[in-house]
Amino acid sequence: MQITDVRVRKINSEGKMKAIVSVTFDDCFVVHDIKIIEGQNGPFIAMPSRKMPDGEFKDIAHPINSQTRSLIQESVFQAYEEKQAEDEE
């Protein structure tokens, strides 16, 4: 599996959510609404989720091992940094 495209769709300068990202795998499967959030220990990615009737949020798509999560996170952060650099120009 390879990440073939990462699109940063929105960047907020205010608030904790910094961007919303779409990631395409093998040019044939896309996951939308991955969020970049500024946390207490630095930025992290939050996978797409849905609010459940009890008020908790449950991921609707997510990696099932740490290697895949790292691959996605590195690609997302790289695209986010590139987008920030573009916007500063």
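This text follows the structure it describes.
My aim in this report is to walk through the structure given alongside it, one point at a time. (Residues numbered from 1 in each chain as written. Predicted model: local features only at pLDDT ≥ 70, side-chain atom pairs only at ≥ 80, totals over all residues. Heavy atoms only, no water.)

Bringing the sheet that holds strand S1 (residues 3-11) into the picture now. Sheets are built from strands paired through backbone hydrogen bonds, the pairs being either parallel or antiparallel. Reading across the sheet, the four strands line up as S1-S2-S3-S4 and stay open at both edges, with antiparallel pairing between neighbours. Because the sheet does not close on itself, it has two edges, and the strands there are S1 and strand S4 (42-46). Strand-to-strand twist across the sheet, computed as the mean angle between neighbouring axes with direction ignored, equals 25°. Sheet topology places strand S2 (residues 17-25) next to strand S3 (residues 29-39); seven bridges connect them, and they run antiparallel. Bridge pairing in S3 links Ile20 to Lys35. Of the strands in this sheet, S1, S2, S3 and S4 touch helix H1 (residues 66-88), which is tilted by about 50° from S1. (Pairing = 2+ DSSP bridges. Helix = DSSP H or I, 4+ residues; strand = E, 2+ residues; numbered from the N terminus. Axes fitted to C-alpha atoms, helices over the stretch in contact; angles between N-to-C directions. Contact = heavy atoms within 4.5 Å.)

Okay, the nonpolar core next. One finds Val21, Val23, Ile34, Ile36, Ile45, Ile72 and Val76 to be the most contacted residues of the largest nonpolar core, which totals 16 residues. For this core, the secondary-structure elements that each account for two or more residues are S1, S2, S3 and H1. For this core, the element with the highest residue contribution is H1, accounting for five residues. Leaving out residues up to four positions away in the same chain, Val23 has contacts with Ile3, Asp5, Val6, Phe29, Val30, Val31, Ile34 and Val76. (Core = buried A, V, L, I, M, F, W, Y, C linked by side-chain atoms within 4.5 Å. Buried < 20%, exposed > 50% of the residue type's maximum accessible area, 1.4 Å probe, protein only.)

This part covers the environment of Glu86. Tracing the backbone through its elements, the reader meets Glu86 in helix H1. Using a relative accessible area of 53% as the deciding quantity, one classes Glu86 as exposed. Along the primary structure Glu86 and Asp26 are separated by 60 residues, whereas in three dimensions their C-alpha atoms are 26 Å apart.

Here we come to the pairing of S4. Judged from the five bridges that link them, S3 and S4 form a sheet pairing that is antiparallel. Note on S4: the bridge partner recorded for Ile36 is Ile45. Where S3 folds back on S4, the antiparallel hairpin that results is connected by two residues.

Before going further, it helps to spend a moment on H1. An ideal rise of 1.5 Å per residue puts 33 Å on 23 residues; H1 measures up with 33 Å between its terminal C-alpha atoms. If you check which residues of H1 are buried, you get Thr68, Ile72, Ser75, Val76, Phe77, Ala79 and Tyr80. Close packing links the buried residues of H1 with S1, S2, S3 and S4. Capping the start of H1 is the job of one residue whose side-chain oxygen sits 3.3 Å from the backbone nitrogen of Gln67: Asn65. (Expected span 1.5 Å × (residues − 1). Polar contact = N/O pair within 3.5 Å; in protein donor to acceptor, adjacent residues only side chain to side chain.)

None of the figures reported here should be taken as evidence of function without further support.
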